[in-house]
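# Summary of the model geometry
Residues per chain, in single letters:
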Amino acid sequence: MYIKMDETIDHRNWFQRNWKWAVPTGGCLLIIILFIAFAGTMIMGVTSLFSDSDPYKEGVARAQSNQAVTAALGTPVETYGMTKGSINYKNGDGHTNLEIPIKGPNGKGILMVVADKYTETWEYSVMEVIVNDTGEKISLLEDTEALDEW
């Protein structure tokens, strides 16, 4: 008794059998991964541009050393999240407008820094912390203005 097999066995590998859907799917996934990597690189670049600037460093240092800010947020005061704003430089002059999220063990706030640079130093028109829970505004410019009068 003979058994006749009309079926043929497909000896192709997985890719040869599935290339019609695997190639487009893989291409789309590759494009998505490259887009996410590009966006992440851009975000990291902009964030480092902000955090390396003198107005950012000065604002954070003043917030960390200000007694009213440490009383409202607790110590240590540190930055978190994404900084919003802009920094413009042209021919040695500059303008910055930053919103830096800060936090401490007792709460969170936003450090606002607005400054212009016409010579070698930054001149701050706004540097204040807005406490999220209470809405209280704590100026960080008053201390330096009082020192300048002496």
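Definitions and cut-offs
The residue count restarts for each chain, going from 1 along the sequence in the order it is written. Given that this is a predicted model, residues contribute local features only at a pLDDT of at least 70 and side-chain atom pairs are listed and counted only at 80 or more, while totals for whole chains, interfaces and linings are drawn from all residues. Processing note: side-chain calculations cover all non-hydrogen atoms of the structure and skip hydrogens and water entirely. In this scheme, strands are said to pair when DSSP sees at least two bridges between them. Here a helix means four or more residues in a row that DSSP labels H or I, a strand means two or more in a row labelled E, and each is numbered from the N terminus. Salt bridges are defined as contacts in which a side-chain nitrogen from Lys or Arg sits within 4 Å of a carboxyl oxygen from Asp or Glu. Contacts are assigned to residue pairs that have any heavy atoms within 4.5 Å of one another. By definition, pLDDT measures how confident the predictor is in each residue, and it falls between 0 and 100.

### Considerations on the pairing of strand S2 (residues 84-90)
- Taken together, the seven bridges between S2 and strand S3 (residues 93-104) define a ladder with antiparallel strand orientation. Its bridge partner lying in S3, Gly85 is registered against Leu98.
- Hairpin remark: S2 followed by S3, antiparallel, with two residues in the connecting loop; positive phi at Asn91, about 55°.

### Things to note about the pattern of salt bridges
- In the structure shown here, the tally under the stated rule is one salt bridge.
- One salt bridge in this structure joins Glu58 and Arg62, with 2.7 Å as the shortest N-O distance. Of this pair, Glu58 and Arg62 both sit in helix H2 (residues 54-65), four residues apart, which is roughly one turn of the helix.

### Topic: the side chain of Thr83
- Relative to the assigned elements, Thr83 resides in the loop between strand S1 (78-79) and S2.
- With near-sequence residues (within four places) excluded, Thr83 lies in contact with Phe50, Tyr56, Leu98, Glu99, Ile100 and Pro101.

### Side note on the confidence of the model for the chain
- A residue-level look at the chain finds 91% of positions with pLDDT of 70 or above and a mean pLDDT of 86.
- Mean pLDDT values for the elements of the chain range from 48 in helix H4 (residues 142-149) up to 94 in strand S4 (residues 107-117).
- Long-range and interchain partners of residues 144-150, a stretch whose pLDDT sits below 50, account for one contact in this model, where long-range means more than four residues apart.

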